[in-house]
Every structure is written in C-alpha cells, then in structure tokens.
Amino acid sequence: MSKHLFSIVFLFLSSFCSCDQKKFSFHGYKLIQIKPKSVHHFSLLKSWEENPDFDVWNRIKSINEIVDVALSPKAFQQYEPLFKLANLPYTIVNENIQNLIDREEESMRRSFPSRSIVGRYPRYTEVSSFISNLVIDNPDIASSYSAGTTYENRQLKVLVLKTDTSQKSVWIDCGIHAREWISISTCVWFIDRLLKDYRNSDPVAKDLLGYYEFHILPIVNPDGYEYSHSNFRIWRKNRKPNREDELIWNCFGTDLNRNFGYKWMVAGSSSNVCSEIYAGPSADSEVETKSVQKAINDKLGNWDVFVTIHSYGNLWMVPWGWDTSLLPDYNDLYSVSQIGADALKAVYGTKYSIGSPANLLCKTKKRTLSF
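Draft legend 1. The packing of aromatic side chains, seen in detail. Across all of its chains, the model carries 22 aromatic pairs by this definition. Ring plane angle 85 degrees and centroid distance 5.9 Å describe the contact between F24 and Y29, whose orientation is recorded as edge-to-face. According to the relative accessible area criterion, F24 is partly exposed, its value standing at 25%. Exposure remark for Y29: the relative accessible area of 8% places this residue in the buried category. Here F26 and Y29 contribute two aromatic rings whose centre-to-centre distance is 5.2 Å and whose plane-to-plane angle is 75 degrees, an arrangement assigned as edge-to-face.

Structure, rendered in structure tokens:
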C-alpha cells in the first residue's frame, strides 16, 4: 500500500445554468487567468465573485495569485473593459471551454465498457450499486445506511467499513459540489483501495480498520451531480428551486457547502439566489446538510476524523473557514496534515499548502476590509 490513502486530482469545470432540458453548449465561453496586483484588484475580484456570470474556478486567494475565471461571450464583453479600466492583468488561456468538455466526454466514452467504476466518473446509480454489492460481498466488515433523501428523492447512501475491534469513527464525504466529479471518483477509489488492501492483509489497512470505523458518503449532492452529467456539465449547487426565481437562469439551488448552520453567512457566502455561493434561505435549510449533520450527531463524541474532499487546488485545509483565528489544537492538526502532504509529494511530486481556509484563501482579507 502506498504512503497515502487518497490521491486528489483537481480537474473540473465550474457552473453555469439554463433551464433548458437539453445539454447546454459552452461554445465560445472563455477561460481566463487574472492576476490581481493590488488590494484594489483583489477587492474587485471578491465583489465580482458573487455575480452569476463571473465564474471563479479555483479561489481568490491573495495578491499576485492567479485566479481562473470562466466567462460567457456576453460576460467577456462586459468585464473586459472593466479589466482594462482597472489595469487588471488577464490572459485568455482557452477560447472555447466546450472543447474541454468534448474531450472529457470522449474519454468517458472510451472508459465506459469497463465493468468497474473505479478510475472513471460513475453515475449516481452506479455508485449506489457499487456500495450495495460491496455490502453483499463483504458482510463481515461492510454495511450501509441512508443518511437522508434529497429534494429529487435520491438516497444519501453511506458505506460503513469496520471490524469487531473498531473503536473510533472517521467520516469522509465527496461531491458536495456537483461539478467536482473527481471528488466522487476519489471516494470510490479510496473505498476500493482500503477494502482490497485489507483483504490482502496489508498492515496499514489492517491497522486502520482494526481501530477505525469508516463512514463514507461518496455523493453528498446527487441531484446536482446527475444534473451536471445529463444537462449542464458545470453545475455546482443542489437542485431545489428557490421560490419565484426557479425559472431564472442559474437561480435553482443552494451551495450546500455554505448552508451549514455554524457561522452561517459570516463570510464567503451570498444571499443572491442566482450566485454560485448562495448560502440558502436560512441556516441548515437543505435536506443534504441536515442529513450529514444528523449522521454526525447520531455518533457524537465518537468521531476522530472528518474529511470532505473537493477540487481543485493543492490545498490541505483545517478549521476555521469563517475566521482567521486558529484552533487550540491547530499545531497538532497541522502536524498530521503535514504527514499526508509529505506522503503525496513523495509519491507524485505534488506540493500541498496546509492551513485554515480563512488564512489560505483570504490572506488579504483584513487589508481588503480596511481598504
């Protein structure tokens, strides 16, 4: 078994929407890279991030850090004069995003004949069957339960892997943002690898399952995930309508990652229903967030680890996300994270930045507010 248990490859497209039931074409959509050179530039980008037509693919982190943004032909005409007016440096790195999607679809067609879902982008029903079959084939260590039911009536299926000696619990979830297909594939890969290594008497896998009980939810947002496959590749939110706005472009859904009740709407979220970072009408308003929290609370006090996998960016993040203050045990969390980051670097040569989201992604936050 390698020195790591999950390899996170970051490749995804972010979200635009239409309510047409055909697959939306992103012909003419541009991918641009913007490099803020001042606090003013940074402030502009943070303000534009809430706009539905300004689709940030990675993160707006700090001055001199590249920001990837996708713009429709109409949006590019709108923002290009603003870039020039503010002397904001930008580069067009792809003139037609649809070409990227076409290549991805062709790659998926080539891999589809495989009976295994490991190593590809499986659909919701395939992941559900994958879990069911694992439970049937491994009744001594595998079981499953439904954490809840989504707006479109899909089950949030959690796989449990444990042995008779398992004591503490580990939670791992993927796919909270629909467009981040690689995160779902990572959860599937992790399940397959841990189970196979355990059956092959790998000492690390034996130790892990000898002490930990793993609860793995491969798709937190199955409604959005299916929609990103069938209709709009770069859909991000869930699919619950937002009142009278439900027929407006991109105004379906809530960013589930920003809907959790703790410090709801404190930072990095929007009250604009059409924004990609819309936090919902109220804290914990969405069934997906309620379901995850209930699953956690049902075993409160027994959890040692909570991991949620996203893409893209080589970031290993620990709390907090809403404030730059550090947890009392931050140094311990950092040390453990460093072990994981070092293992990934040893195998793949990739370098991960470690820290809290508030400090890694908003390094100039206080300066921006002062400005």
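Draft legend 2. A look at the environment of L256. Of note, L256 is situated in the loop between α7 (222-230) and α8 (287-297). On the accessibility criterion, L256 (1% relative accessible area) is buried. Along the chain, L256 and A279 lie 23 residues apart, while their C-alpha atoms are 7.1 Å from each other. Apart from residues no more than four positions distant in its own chain, L256 is found in contact with I176, V220, N221, N238, E286, E288 and T289.

Draft legend 3. Looking closely at the state of the cysteines. Under the definition given, this model contains two disulfides. Across the disulfide, C174 is cross-linked to C187 (sulfur-sulfur distance 2.2 Å). Measuring handedness by torsion sign, the sulfur bridge of C174 and C187 sits at about 85 degrees and is right-handed. With C174 in strand β7 (residues 168-174) and C187 in helix α5 (residues 181-199), the pair connects residues that are 13 residues apart, well separated along the chain. Each member of the pair, C174 as well as C187, carries the same accessibility label: buried. Bridging C251 to C274, the disulfide has an S-S length of 1.8 Å. Because the sign of the S-S torsion sets the handedness, a value of about 80 degrees for the bond joining C251 and C274 places this disulfide among the right-handed ones. Of this pair, C251 sits in the loop between α7 and α8 while C274 sits in the loop between α7 and α8, and the two are 23 residues apart along the sequence. We note that C251, like C274, is buried.

Draft legend 4. Quick peek at the pairing of strand β3 (residues 67-71). In terms of burial, β3 is a largely internal element, five of the five residues being buried. Where burial is concerned, the two faces of β3 agree: the one with V67, V69 and L71 and the one with D68 and A70 are both buried. For strand β1 (residues 30-34) and β3, the ladder comprises five bridges, and the chain directions are antiparallel. Within the sheet, the bridge partner assigned to L31 lies in β3 and is A70.

Draft legend 5. Expanded view of the sheet that holds strand β6 (residues 155-161). If you trace the five strands from one edge of the open sheet to the other, you get β5-β6-β8-β7-β9, paired in mixed fashion. What marks the edges here is a single partner per strand, and that holds for β5 (142-149) and β9 (303-309). Averaged over neighbouring strand pairs, the angle between their axes works out to 20 degrees when direction is ignored. As paired elements, β5 and β6 share six bridges and run antiparallel to each other. Among the inter-strand pairings, S143 is bridged to a residue of β6, identified as V160. Strands in contact with helix α6 (residues 203-211) are β6, β7, β8 (212-217) and β9; relative to β8, the strand with the most contacts, it is inclined by about 90 degrees. On top of the sheet, α8 reaches β5, β6, β7, β8 and β9; it is set at about 135 degrees to β5, its chief contact.

Cut-off values and rules
- Residues numbered from 1 in each chain as written.
- Predicted model: local features only at pLDDT ≥ 70, side-chain atom pairs only at ≥ 80, totals over all residues.
- Heavy atoms only, no water.
- Phe/Tyr/Trp six-rings, centres within 6.5 Å; stacked < 30°, edge-to-face > 60°.
- Buried < 20%, exposed > 50% of the residue type's maximum accessible area, 1.4 Å probe, protein only.
- Helix = DSSP H or I, 4+ residues; strand = E, 2+ residues; numbered from the N terminus.
- Contact = heavy atoms within 4.5 Å.
- Disulfide = S-S within 2.5 Å.
- Pairing = 2+ DSSP bridges.
- Axes fitted to C-alpha atoms, helices over the stretch in contact; angles between N-to-C directions.

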